[in-house]
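Take a look at the letters that make up each chain.
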Amino acid sequence: MQKHQWIVIVVVLIGCMFSFSGCQRIQKIVLSEVPDPKPAEMVTVPTEPVVPMLEPETPAELPMGPVDVLIYTGSTWWITPQAAAIEAETTKSLLQSAGIQVEITESEESVSSWMLQTTANGSVNVLISYGVIPNSVYPRGNTQPDGSIAENWIETPDGDTILNQADYLGWNSTGDSERAGVPPQEWNIANLPSVGSNEGGALQNLMDIPNISLFPGGSVSVSMSVTPDGNALTPSLVNFDSHRPLSLNQLQGEWFAEKVFASDTGNPQATYADPVIARDGNRGRLAMVHQTALEDNPKGEVAAEIIINYLLSE
Ligand SMILES: [Ca+2]
Ligand SMILES: [Ca+2]
Ligand SMILES: [Ca+2]
């Protein structure tokens, strides 16, 4: 190899060394200048067309408390379940028109849980039933004379009210009508056996009035005439015959006739009353409204009017 060839080789080698290190330097600079990817700042390209959020059909409501009025139709007596369902729907519709929260239930467990929720909750609540007090709130056969869920419910200043229609308040328990063995379509006043598990004991125990009875002395029924309060508060009420009116002179303790809508005299000073609200001092109430045997009364309308125009009017 000649001398000039060596020089060329050395120059080429030196050039390569410089260019190699230069490339590395450039590469490093380029790398250090590339910003780290920051996913949060990355712009995403939508893969689907953006659809505007639709308003939900039912707007979210505030959590609701228990209803003001519960109507129990799971078991009835002296009114067929079918007729009671119609009266219940009438009452429900009228109450809803007045802005009152109301539900109909066939479940006695629902009655029990609702009563526990609404005991001493500071609001007037009303249970409507048709000749039956559910076993779930007043144990069948008068096995809990004191402290039942129903009795506790009417012993607070809430003014909670059991409003009963058709048969004697408390006489029957859940399922008694089924045990009668007569299908509802064959019910009539001549073939209705008395199957009430509680008979008069439920009313006596709920009121703590030992001998109170709703049998009108010496007659099958008593003619009721609408009172001035009845005319003012219950426009659907007309004169009728009650089979189980409240005998006003049997009230004892702090129980008093708070409102008489019809009576045997047509005024509050009377022997018998129906519809009537009895109240235990400043505590709870029992309302007897058209306690009649298979009679066609405006039960649903009058019950609603009593609640709208009196019990929940404030
Ligand atoms: Ca209450
Ligand atoms: Ca009692
Ligand atoms: Ca009591």
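Before reading further, recall that the structure is shown in the block above.
Residues numbered from 1 in each chain as written. Chains lettered and ligands numbered in written order. Predicted model: local features only at pLDDT ≥ 70, side-chain atom pairs only at ≥ 80, totals over all residues. Heavy atoms only, no water.

## Focus on the coordination of the calcium ion (ligand 3)
Think of it this way: four donors in a tetrahedron around the metal ideally sit 109.5 degrees apart, and six in an octahedron ideally sit 90 or 180 degrees apart. Definition in use: For Na, K and Ca the donor cut-off is 3.2 Å, and for all other metals it is 2.8 Å, counting N, O and S atoms only; because water is absent from this set, sites may look incomplete. Strands here are runs of E lasting at least two residues and helices are runs of H or I lasting at least four, both read from the DSSP assignment and numbered beginning at the N terminus.
Only Glu151 (OE), Glu155 (OE) and Asp208 (OD) from the protein coordinate the calcium ion (ligand 3), and they sit 1.8 to 2.0 Å from it. Of note, the calcium ion (ligand 3) draws all its donor residues from one chain, in the sequence arrangement E-x3-E-x52-D. Between the calcium ion (ligand 3) and the calcium ion (ligand 2), both coordinated by glutamate 151, there is a metal-metal distance of 3.8 Å. One end of the pair, glutamate 151, is in helix α4 (residues 149-153); the other, aspartate 208, is in the loop between α6 (201-207) and β7 (222-226), with 57 residues separating them in the sequence.

## A short note on the coordination of the calcium ion (ligand 2)
To be explicit about the condition: Here the metal geometry follows the donor angles, with tetrahedral for four donors whose angles all fall between 85 and 135 degrees, square planar for four and octahedral for six when opposite donors are more than 155 degrees apart and every other angle is between 65 and 115, and irregular for all the rest. Exposed residues in this analysis have more than 50% of their type's maximum accessible area, buried residues have under 20%, and partly exposed residues fall in between, with area computed by a 1.4 Å probe over protein chains only.
Taken together, Pro145 (O), Asp146 (OD), Glu151 (OE), Glu151 (OE), Asn205 (O) and Asp208 (OD) make up the full set of protein donors to the calcium ion (ligand 2), lying 2.2 to 2.5 Å away. Coordination at the calcium ion (ligand 2) is irregular, judged from the 6 donor atoms that bind it and the angles of 54 to 161° they form at the metal. On the basis of relative accessibility, which here comes to 2%, the residue glutamate 151 falls in the buried class.

## Overview of helix α2 (residues 81-97)
Where we set the bar: Each helix should span, by expectation, one fewer than its residue count multiplied by 1.5 Å. Along the arc lie the directions from the helix axis toward the C-beta atoms. Residues are treated as being in contact if the distance between any of their heavy atoms lies within 4.5 Å.
With 17 residues, α2 ought to run about 24 Å at 1.5 Å a step, and its terminal C-alpha atoms sit 24 Å apart, in line with that. What α2 keeps buried is the set Ala84, Glu87, Ala88, Thr91 and Leu95. Within α2, the buried residues cover an arc of 105° as seen down the axis, which keeps them to one side. Residues Gln82, Ile86 and Ser97 are exposed on α2 and point more than 90 degrees away from its buried face. Looking at the buried positions of α2, the neighbouring elements they touch are β1 (69-72), β2 (102-105), β3 (126-130) and α8 (299-311). Directly beyond the C-terminal end of α2, a positive phi value near 80° is found at glycine 99.

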